[in-house]
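If you want the building blocks of each chain, they are given just below.
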Amino acid sequence: QVQLVESGGGLVQAGGSLRLSCAASGRTVSSYAIAWFRQAPGNEREFVAAIRGSAYTTNYADSVKGRFTISRDNAKNTVYLQMNSLKPEDTAVYYCAARGGTYYFKPSDYDYWGQGTQVTVSS
């Protein structure tokens, strides 16, 4: 079992950057595929990015491709989401999630979740 804690959210102007962190405890992040999801008010939770545990293979939603980068630091047992060129439509609560094996793209595919961190992008 793994516990996940997100941090790094905040308020930023459009065009700015933030780096979210997902710190894991209980098991090493290299044992899991880790994904970032986000949920805006009134919307369903949507996939943002994912990274495999056994390799550095990554995948991104089309809406963030080229602007966001997911990475993993095994020594710190942490996964990051670097978000550049932020847009108001990126405003949401961002969650990290973990599952064994490879990554998938639906929230129901993930077993472990953090509590979320708010990202607000002003225009």
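No experiment lies behind these values; they were computed from the predicted model shown. (Residues numbered from 1 in each chain as written. Predicted model: local features only at pLDDT ≥ 70, side-chain atom pairs only at ≥ 80, totals over all residues. Heavy atoms only, no water.)

(A) The overall build of the protein, seen in detail. The secondary structure content of the protein amounts to zero helices and eleven strands. For a compact globule of 123 residues, the expected C-alpha radius of gyration is about 14 Å, and the protein comes in at 13 Å, within 12% of that figure. For the protein, the residues scored as buried account for 44% of the 123 residues in total. Intrachain contacts of the protein at a sequence separation of at least 6 include 58% that bridge at least 24 residues. With 12 positive and 9 negative side-chain charges, the protein shows a spacing of 6 Å between the two charge centroids. (Helix = DSSP H or I, 4+ residues; strand = E, 2+ residues; numbered from the N terminus. Rg over C-alpha atoms; globule rule 2.2 N^0.38 Å. Buried < 20%, exposed > 50% of the residue type's maximum accessible area, 1.4 Å probe, protein only. Contact = heavy atoms within 4.5 Å. Lys, Arg positive; Asp, Glu negative; His and termini not counted. Charge placed at Lys NZ, Arg CZ, Asp CG, Glu CD.)

(B) Layout of the state of the cysteines. In total, this model carries one disulfide according to the counting rule given. Across the disulfide from Cys22 sits Cys96; the S-S distance is 2.1 Å. Of note, the bridge from Cys22 to Cys96 carries an S-S torsion of about 70° and is right-handed in sense. Residue Cys22 is located in strand E3 (residues 18-25), and its partner Cys96 is located in strand E9 (residues 92-100); the two are separated by 74 residues in the primary sequence. Given the relative accessible area of 1%, Cys22 is considered buried. (Disulfide = S-S within 2.5 Å.)

(C) View of the sheet that holds E3. Reading across the sheet, the four strands line up as E1-E3-E8-E7 and stay open at both edges, with antiparallel pairing between neighbours. The outermost strands of the open sheet, each flanked by one partner alone, are strand E1 (3-7) and strand E7 (68-73). Going from strand to strand, the sheet's axes swing by 15° on average, the running direction of each strand aside. Sheet analysis places E1 next to E3, joined by five bridges and oriented antiparallel. If you follow Val5 over to E3, its bridge partner there is Ala23. (Pairing = 2+ DSSP bridges. Axes fitted to C-alpha atoms, helices over the stretch in contact; angles between N-to-C directions.)

(D) Representation of the side chain of Arg67. Within the secondary structure, Arg67 sits in the loop between strand E6 (58-60) and E7. By relative accessible area, Arg67 is classed as buried at 11%. Polar side-chain contacts of Arg67 include one of 2.9 Å to the backbone oxygen of Ser63. There is a polar contact of 2.8 Å between the side chain of Arg67 and the side chain of Asp90. Apart from the residues within four sequence positions on either side, Arg67 is in contact with Gln82, Met83, Asn84, Ser85, Leu86, Lys87 and Asp90. (Polar contact = N/O pair within 3.5 Å; in protein donor to acceptor, adjacent residues only side chain to side chain.)

(E) Here's a closer look at the nonpolar core. If you look at the biggest cluster of nonpolar residues, it comprises 38 residues, and the most contacted ones within it are Trp36, Leu81, Met83 and Tyr94. Going through the elements one at a time, E3, strand E4 (32-39), strand E5 (46-51), E7, strand E8 (78-83), E9 and strand E11 (117-122) are the ones with two or more residues in this core. No other element matches E4, which puts six residues into this core. Sequence-distant contacts of Tyr94, defined by excluding residues within four places in its chain, comprise Glu6, Leu20, Trp36, Phe37, Arg38, Val48, Phe68, Leu81, Met83, Gly116, Thr117 and Val119. (Core = buried A, V, L, I, M, F, W, Y, C linked by side-chain atoms within 4.5 Å.)

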